[in-house]
Amino acid sequence: MKNRNPKLFSFSKVFCNIFGHTLKVFKNVTEHIHEYKCAKCGMEMTDTANGFLACLTPKFKETNNYLAKIHQRRRNRKNLLAEAS
């Protein structure tokens, strides 16, 4: 017997497809790159290198985490240099 997982029908997804997503920032990766989540359907999106929005895939999540680590290190180094002078 086949094990089927039918897609569940969601009114919120239909609403977003017709009227557009209501995106809220749920993570600030850097000052210019953010991760967004739709308040209605829960779809996650992120900023891309060319300034557009794209679906948040595992590859984008990994890239954003790496960028956040680099950004945090630079901010910490900048703060240490400011305190030393």
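Rules used throughout
- Here the residue index of a chain counts from 1 through its sequence in written order.
- Restriction of local features to residues with pLDDT of at least 70 applies here, the model being predicted, together with a cutoff of 80 or more for giving and counting side-chain atom pairs; totals for whole chains, interfaces and linings are based on all residues.
- Side-chain figures throughout are based on the complete set of non-hydrogen atoms in the structure, without hydrogens or water.
- Salt bridge criterion: a side-chain nitrogen from Lys or Arg within 4 Å of a carboxyl oxygen from Asp or Glu.
- Secondary structure elements are taken from DSSP: a helix is a run of H or I of four residues or more, a strand is a run of E of two residues or more, and numbering for both begins at the N terminus.
- Here the term buried applies to any residue with accessible area under 20% of the maximum for its type, exposed to any over 50%, and partly exposed to those in between, with areas from a 1.4 Å probe on protein chains only.
- Two N or O atoms count as a polar contact when they lie within 3.5 Å, although within protein this holds only if one can serve as hydrogen donor and the other as acceptor, and sequence-adjacent residues are included solely when both atoms are side-chain atoms.
- Here, two residues are considered to be in contact whenever any of their heavy atoms come within 4.5 Å of each other.
- In this description, strands pair whenever DSSP reports at least two bridges between them.
- The charge count treats Lys and Arg as positive and Asp and Glu as negative. His and the chain ends do not count.

Asks: How should I be thinking about the pattern of salt bridges in this particular structure?
Replies: It is possible for side chains of opposite charge to pair when their charged atoms get near one another. Summed over all chains, the structure comprises one salt bridge. Glutamate 44 is the partner of lysine 61 in a salt bridge, and the nearest nitrogen-oxygen pair spans 3.7 Å. Here the residue lysine 61 occupies a position in helix α2 (residues 58-84), and glutamate 44 occupies one in strand β3 (residues 44-47), the gap between them amounting to 17 residues. Overall, the relative accessible area of 22% leaves glutamate 44 in the partly exposed class.

Asks: Explain the side chain of threonine 30 here, please?
Replies: Secondary-structure assignment places threonine 30 in the loop between β1 (23-28) and β2 (34-38). Of the polar contacts made by the side chain of threonine 30, one reaches the backbone nitrogen of histidine 32; its length is 3.2 Å. Side-chain polar atoms of threonine 30 contact the backbone nitrogen of isoleucine 33, separated by 3.1 Å. Contact partners of threonine 30, with chain neighbours within four places excluded, come to Leu67 and His71.

Asks: I tried to follow the pairing of β3 on my own but got confused; where do I start?
Replies: Within a regular beta strand, the side chains point alternately toward one face of the sheet and then the other, so they alternate between its two faces. Here three bridges tie β2 to β3, and the two strands are oriented antiparallel to one another. Each bridged residue has a counterpart across the sheet, and for lysine 37 the counterpart in β3 is glutamate 44. What sits between β2 and β3 in their antiparallel hairpin is a turn of five residues, with glycine 42 showing a positive phi close to 85°. Counting the residues between successive antiparallel strands, the hairpin from β3 to strand β4 (residues 53-55) contains five residues, one of them, glycine 51, with a positive phi of roughly 95°.

Asks: Looking at this model, I keep getting lost on the side chain of glutamate 35. Mind explaining?
Replies: Along the chain, the position of glutamate 35 falls in strand β2. Within the buried core, glutamate 35 has no salt-bridge partner, and the shortest N-O distance to an opposite charge, that of lysine 27, equals 4.4 Å.

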